[in-house]
Amino acid sequence: MLSTSGRGFAAALFGPLARLLVRAGVSPDVVTVTGTVLTAAVALTLLPMGHLTAGALAVTAVVIFDNLDGQMARLTGRESPWGAFLDSTMDRFADAAIFSAVAVWALRHLDGTLADLTAGLAVVCLVLGGVVPYAKARAASLGMRADGGLAERADRLVVILVAVLLVGLGLSAWVLTGALALLAVASAWTVVQRVSAVYRQSRDEVGGA
């Protein structure tokens, strides 16, 4: 949802920086890899240590690189299958780092059932966050489309980072646990939506044959 509707906003917000980096001769691939490394480093350092507010804000700032590389590729006319592959692969690393960091934080800073539940939900979100883009990629490899859905990557990042920030500002840890539960359900539903879309397309192909 946000992945689609937020593209115009992202282009307006980050366009000047993207043009500046292009003029400086920076490669979109360098931005992609750098953004992933920084995201993982910030998330895995600050969040497990309990610096939730700083961690959420820092990760949010670093995630802008995910918008910059695509805009830079379009500005330079260097959009390619390689760039799309690299970007998607790096996204999986960044997402895994964020949700793993949340799981570690829960196990280190929460107690009992709440710790186990929060960490478990973070792992579930991590796994489903990998299945959602896989469904799209696998559909594309078969000549079909599995776009959209209730919880695309931008949606998942907004939910988890806002929840982490709110807990860091003093709200109950249950806010994060609840957000993870909702995100897990939304991600699972997105998988169902994409599987259903491919199923309908496959039936239409058979019917039209």
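Conventions adopted
- Residues numbered from 1 in each chain as written.
- Predicted model: local features only at pLDDT ≥ 70, side-chain atom pairs only at ≥ 80, totals over all residues.
- Heavy atoms only, no water.
- Helix = DSSP H or I, 4+ residues; strand = E, 2+ residues; numbered from the N terminus.
- Contact = heavy atoms within 4.5 Å.
- Expected span 1.5 Å × (residues − 1).
- Buried < 20%, exposed > 50% of the residue type's maximum accessible area, 1.4 Å probe, protein only.
- Core = buried A, V, L, I, M, F, W, Y, C linked by side-chain atoms within 4.5 Å.
- UniProt positions renumbered as here; feature names shortened; annotations may be inferred.
- Patch = residues over 30% accessible without salt bridge, like charges linked within 9 Å, V, L, I, M, F, W, Y side chains within 5 Å.
- Areas by Shrake-Rupley, 256 points an atom, 1.4 Å probe, with all protein chains shown as cover.
- Salt bridge = Lys/Arg side-chain N within 4 Å of Asp/Glu carboxyl O.

**Student:** What exactly am I supposed to notice about the environment of threonine 39 here?
**Tutor:** With respect to the helices and strands, threonine 39 occurs in helix H3 (residues 28-46). Along the primary structure threonine 39 and threonine 60 are separated by 21 residues, whereas in three dimensions their C-alpha atoms are 8.6 Å apart. In this structure, threonine 39 is in contact with Val59, Val62, Ala94 and Ile98, ignoring residues within four places of it in sequence.

**Student:** Teacher, can you tell me more about helix H8 (residues 153-168) here?
**Tutor:** Taking 1.5 Å as the rise per residue, H8 with 16 residues should run 22 Å; its terminal C-alpha atoms sit 22 Å apart, in good agreement. Burial in H8 covers these residues: Arg153, Asp155, Arg156, Leu157, Ile160, Leu161, Ala163, Val164 and Val167. Phi turns positive, to about 120°, at glycine 170, one or two residues after H8.

**Student:** I would appreciate a short explanation of the nonpolar core in the present structure.
**Tutor:** It is characteristic of soluble globular proteins that their nonpolar side chains tend to be buried jointly. Counting residues in hydrophobic clusters, the biggest one holds 34 residues, and the most contacted among them are Val102, Trp105, Ile160, Val164, Leu176 and Leu180. Taken together, the elements giving at least two residues each to this core come down to H3, helix H4 (52-62), helix H6 (81-109), helix H7 (112-141), H8 and helix H9 (173-208). Per-element tally for this core: the top contributor is H6, with 7 residues. Beyond its immediate stretch of four places on either side in the chain, tryptophan 105 contacts Leu47, Pro48, Gly50, Leu52, Leu110, Val167, Ala173 and Leu176.

**Student:** Is there a simple way to think about the UniProt feature "transmembrane region" (unreviewed entry) in the protein in this case?
**Tutor:** UniProt annotation of "transmembrane region" (unreviewed entry) refers to residues 40-68, 113-135 and 156-189 when read in the numbering used here. Taken end to end, residues 113-135 has its terminal C-alpha atoms 32 Å apart, with 100% of it in helix and 0% in strand.

**Student:** Explanation requested: the environment of alanine 197 in the structure shown.
**Tutor:** By the secondary structure assignment, alanine 197 is in helix H9. With 58 residues separating them in the primary sequence, alanine 197 and alanine 139 have C-alpha atoms 9.3 Å apart.

**Student:** Sorry, what's going on with a nonpolar patch on the surface here?
**Tutor:** A contiguous nonpolar patch, built from Val158, Val162, Leu166, Leu169 and Leu171 and spanning about 410 Å² of accessible area, is present on the exposed surface. Its place among the elements puts leucine 171 in the loop between H8 and H9. Taking the relative accessible area as the measure of exposure, leucine 171 reaches 43% and is therefore partly exposed.

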